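Commentary on secondary and tertiary structure
Residue-level listing of the chains:
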Amino acid sequence: MSPDELMAEACRLGAESATNGWGGPFGTVIALGGEIVARGQNNVLLTGDITAHGEVTAIRKAVATLNPYAPLIGLTEQNESTLAFVAKPEGSPDVVPERSRMLMGMDLYTSGFPCPMCMSAIYWSRIDNVYYACSAEDTREIGFDDAFQYEDFAKPLPERRITLTQLRREDGLQAYRAWATNPNKHPY
């Protein structure tokens, strides 16, 4: 499929979600080499799950499609899944020499500019390219304004809208040490 066809499908999914009252007008397609791997729609109103945005549901479906036996993935199956290791890109500031490939090589098409949560999921999934139909300004005009979140993240912790309080650091460090000293850890 062409990029225009992939975007048309993402927009169709968004319109379907809005028309049916499932959630906002946000549809998403994840593709590899022009072939659709997964589709996602905003299902917040359908499920009550505030994380059920089009991009997140598409990422979850892509992972399920690529890892059909995900509940059974063990150390031996990791190299045949999205958890297979790839070397860090040249010039990357990453301190780990290799990480899981996740959705590298794939493109994401979405009807609206990704919110901060979705953009974070896109980064973590290692998707190569994002194509969007409606801008952040277009999205703001219909009542979905995420600008305050992007602005809030740039502020020092004491100035943020939501209070962030650190508790029981030593307990947290114990969990971190368990990860750091695990000889079988699998950076992702």
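Everything below is about the structure printed above this text.
Residues numbered from 1 in each chain as written. Predicted model: local features only at pLDDT ≥ 70, side-chain atom pairs only at ≥ 80, totals over all residues. Heavy atoms only, no water.

**What about the pairing of strand E1 (residues 27-32)?**
Burial of E1 is extensive: five of the six residues sit out of reach of the surface. Note that E1 and strand E2 (residues 35-41) share six bridges and pair antiparallel. Residue pairing for E2: Ala 31 is matched across the bridge by Ile 36. Counting the residues between successive antiparallel strands, the hairpin from E1 to E2 contains two residues, one of them, Gly 33, with a positive phi of roughly 60 degrees. Pairing between E1 and strand E5 (residues 107-112): four bridges, direction antiparallel. In the strand pairing of E5, Thr 28 is matched with Thr 110. (Buried < 20%, exposed > 50% of the residue type's maximum accessible area, 1.4 Å probe, protein only. Helix = DSSP H or I, 4+ residues; strand = E, 2+ residues; numbered from the N terminus. Pairing = 2+ DSSP bridges.)

**Focus on the side chain of Ser 111**
Tracing the backbone shows Ser 111 in strand E5. Residues contacting Ser 111, with those up to four places away along its chain left out, are Ala 10, Cys 11, Gly 14, Pro 25, Phe 26, Gly 27, Ala 133 and Cys 134. (Contact = heavy atoms within 4.5 Å.)

**Side note on helix H3 (residues 54-66)**
Look at H3: 18 Å from first C-alpha to last across 13 residues, which is about the 18 Å you get at 1.5 Å a residue. For H3, every residue scored as buried is listed here: Gly 54, Glu 55, Val 56, Thr 57, Ala 58, Ile 59 and Ala 62. Where the residues of H3 are buried, they touch E1, E2, E5 and helix H4 (116-125). (Expected span 1.5 Å × (residues − 1).)

**Description of the sheet that holds strand E6 (residues 129-134)**
Reading across the sheet, the four strands line up as E2-E1-E5-E6 and stay open at both edges, with mixed pairing between neighbours. Of all the strands in the sheet, just E2 and E6 have a single pairing partner and so form its edges. Neighbour-to-neighbour, the strand axes of this sheet turn through a mean angle of 15 degrees, independent of strand direction. This element, helix H1 (residues 3-20), spans E1, E2, E5 and E6 of the sheet and lies at about 150 degrees to E1. (Axes fitted to C-alpha atoms, helices over the stretch in contact; angles between N-to-C directions.)

**Some points on the nonpolar core**
The biggest cluster of nonpolar side chains holds twelve residues, and these are Ile 30, Val 37, Ala 38, Ala 58, Ile 59, Ala 62, Leu 103, Met 106, Leu 108, Met 119, Ile 122 and Ile 127. The set of elements that each furnish at least two residues to this core consists of E2, H3 and H4. The element best represented in this core is H3, accounting for three residues. In this structure Ile 122 touches Glu 55, Ile 59, Leu 108, Pro 114, Ile 127 and Val 130, once residues within four positions along its chain are discounted. By size, the runner-up hydrophobic cluster in this structure holds seven residues, among which are Leu 6, Leu 13, Ala 31 and Tyr 109. (Core = buried A, V, L, I, M, F, W, Y, C linked by side-chain atoms within 4.5 Å.)

Nothing here speaks to function; it is all geometry.
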